[in-house]
Amino acid sequence: MIVFTSSDLVERIQEIRAGKPTKVIAVDLRTTFGRFRKKITEIQNDAEFKKLISPQQAKNPEYWSPDYALVCNLKSYFVMQAIKLGSIKNNLVAWVDFGYCRSAATLDGIKNWYYPFDDSKVNLFTIRKQFSLKTMNDVLSGIFNNNVFIIGGAIVGSVKHWGEFHKLVWNCQRYLLQRKIIDDDQGVFLMCYYKNKELIRLNYLGDNKWFSLFKVFHRRNSVAWKIKNRLRVLRGK
């Protein structure tokens, strides 16, 4: 496990992960990404941008917290840093938000997460089985009204395709920044899917089932695993 965090939490994380293979990397957001943080702050405080946001959604941190918006937009960057540092030994790499596992129940009792994800795609996860995404206006409507289709808490892809995804993410972020628009990862990933459906596979978690990742996508629930297990039963093994 590779953990990116602030310097004040390094020691605590090392204590929690004691005895387990872990690399903890401290990041100072305000120093390393000061220019981008300033740009995000300017957009969030811009009167014209505020007019675009649904009043019911204005309380969400992606519209007022520069640190929150910045971290959410750095996920593919962090993964690429881990790859460049040589810390990744597997073909598949997963980003999982620290806050995604809000309780032990989220993990569904698993100790070693495995699922045969398609390694020719970047795997994102959706809480809507069907949604209309025909134009860029559909994407922008999702951003301004906080209509969630793709969750940002988890991403799975091969080392090769993480590089492609990172470039796509940056292009979408740049598009929004140039138009004085800011959002968290959900809006950016929605735009990524609109821009390049060939690169991305959407995996359905269930309608509004935000925290079902480890319940739905684990080897005991995969079709291949069930067939293999069934054959073992039939053979008496």
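Residues numbered from 1 in each chain as written. Predicted model: local features only at pLDDT ≥ 70, side-chain atom pairs only at ≥ 80, totals over all residues. Heavy atoms only, no water.

Colleague: Mind laying out the overall build of the protein chain, listing which residues take part and the relevant values?
Modeller: Looking only at helices and strands, one finds 11 helices and six strands in the protein chain. Relative to its length of 237 residues, the protein chain is compact, with a C-alpha radius of gyration of 19 Å against a globular reference of 18 Å. Structurally, the protein chain occupies a C-alpha span of about 70 × 45 × 30 Å along its principal axes. The buried share of the protein chain, reckoned over its 237 residues, is 44%. The long-range share in the protein chain, meaning contacts at least 24 apart out of those at least 6 apart in sequence, stands at 74%. (Helix = DSSP H or I, 4+ residues; strand = E, 2+ residues; numbered from the N terminus. Rg over C-alpha atoms; globule rule 2.2 N^0.38 Å. Buried < 20%, exposed > 50% of the residue type's maximum accessible area, 1.4 Å probe, protein only. Contact = heavy atoms within 4.5 Å.)

Colleague: Which residues make up the packing of aromatic side chains, and what are the values?
Modeller: Under the criterion given, the structure shown has 19 aromatic pairs. With 6.2 Å between their ring centres and 70° between their planes, Tyr100 and Phe214 make a pair best called edge-to-face. Of this pair, Tyr100 sits in the loop between β3 (92-96) and β4 (122-126) while Phe214 sits in helix α10 (residues 213-216), and the two are 114 residues apart along the sequence. Summarising the burial analysis for this pair, Tyr100 and Phe214 share the class buried. An angle of 80° between the planes, with centres 5.8 Å apart, marks the rings of Phe117 and Phe125 as edge-to-face. Classification of Phe117 as buried rests on a relative accessible area of 9%. (Phe/Tyr/Trp six-rings, centres within 6.5 Å; stacked < 30°, edge-to-face > 60°.)

Colleague: I'd love a proper account of the nonpolar core, names of residues and values included.
Modeller: Membership of the largest hydrophobic core comes to 48 residues, with the highest contact counts inside it found for Trp162 and Phe165. Elements with a minimum of two residues in this core: α3 (34-44), α5 (66-72), α6 (75-84), β3, β4, α7 (136-144), α8 (159-178) and α9 (185-195). Of all the elements, α8 adds the most residues to this core, at seven residues. Ignoring anything within four residues of it in the chain, the contact list for Trp162 reads Ser76, Val79, Met80, Ile83, Val93, Trp95, Ile155, Val156 and Gly157. With 14 residues, the next largest nonpolar core counts Tyr100, Ile110, Tyr115 and Leu213 among its residues. (Core = buried A, V, L, I, M, F, W, Y, C linked by side-chain atoms within 4.5 Å.)

Colleague: Can you lay out the environment of Trp95 for me, pointing to particular residues and giving the numbers?
Modeller: As for its position among the elements, Trp95 is in strand β3. At 2.7 Å, the side chain of Trp95 and the side chain of Asp97 are in polar contact. (Polar contact = N/O pair within 3.5 Å; in protein donor to acceptor, adjacent residues only side chain to side chain.)

Colleague: Quick one: what's the story with the packing of α6 against α8, residue by residue and with numbers?
Modeller: The N-to-C vectors of α6 and α8 enclose an angle of 140°; their axes lie 9 Å apart at closest approach. For the pair α6 and α8, the crossing hand works out as left-handed. Here α6 contributes Ser76, Tyr77, Val79, Met80 and Ile83 to the contact with α8, which in turn contributes Val159, Trp162, Gly163, Phe165, His166 and Val169. Counted by class, the contact of α6 with α8 contains eight nonpolar, three polar and no charged residues. (Axes fitted to C-alpha atoms, helices over the stretch in contact; angles between N-to-C directions. Left-handed = near helix turned anticlockwise from the far one by under 90°. Nonpolar A, V, L, I, M, F, W, Y, C, P; charged D, E, K, R; others polar.)

Colleague: For unusual backbone geometry, give the residues involved together with the corresponding values.
Modeller: Positioned with a positive phi, Asp108 is a non-glycine residue whose angle comes to about 60°. Note on placement: Asp108 falls in the loop between β3 and β4. Even without being glycine, Lys180 reaches a positive phi, approximately 55°. Within the element layout of this structure, Lys180 appears in the loop between α8 and α9.

Colleague: A description of the packing of α8 against α9 should follow, citing residues and the corresponding values.
Modeller: Their axes nearest at 9 Å, the elements α8 and α9 cross at an angle of 110°. Taken together, the axis directions place α8 and α9 in an arrangement best described as roughly perpendicular. The way α8 lies across α9 gives a crossing that is right-handed. Contacts from Phe165, Leu168, Val169, Cys172, Gln173, Tyr175 and Leu176 of α8 reach α9 at Val188, Phe189, Met191, Cys192 and Lys195. Looking at the contact of α8 with α9 residue by residue, the classes come out as 10 nonpolar, one polar and one charged. (Parallel < 35°, antiparallel > 145°, perpendicular 65-115°, else oblique.)

Colleague: Lay out the pattern of salt bridges with the relevant residues and their values.
Modeller: Pairing is possible between side chains of opposite charge, provided their charged atoms come close. According to the stated counting rule, one finds seven salt bridges in the structure shown. Linking Arg12 and Glu15 is a salt bridge whose minimum nitrogen-to-oxygen distance equals 3.5 Å. Pair noted here: Arg12 and Glu15 are both in helix α1 (residues 10-16), with a separation of three residues, about one helical turn. On the basis of relative accessible area, Glu15 is assigned to the partly exposed category, the value being 47%. Arg37 is the partner of Asp67 in a salt bridge, and the nearest nitrogen-oxygen pair spans 2.7 Å. Taken together, the residues span a long stretch of sequence, with Asp67 in helix α5 and Arg37 in helix α3 at a distance of 30 residues. The class for Asp67 is partly exposed, based on a relative accessible area of 27%. If you follow the salt bridges from partner to partner, you end up with Arg30, Arg37 and Asp67 in one network. (Salt bridge = Lys/Arg side-chain N within 4 Å of Asp/Glu carboxyl O.)

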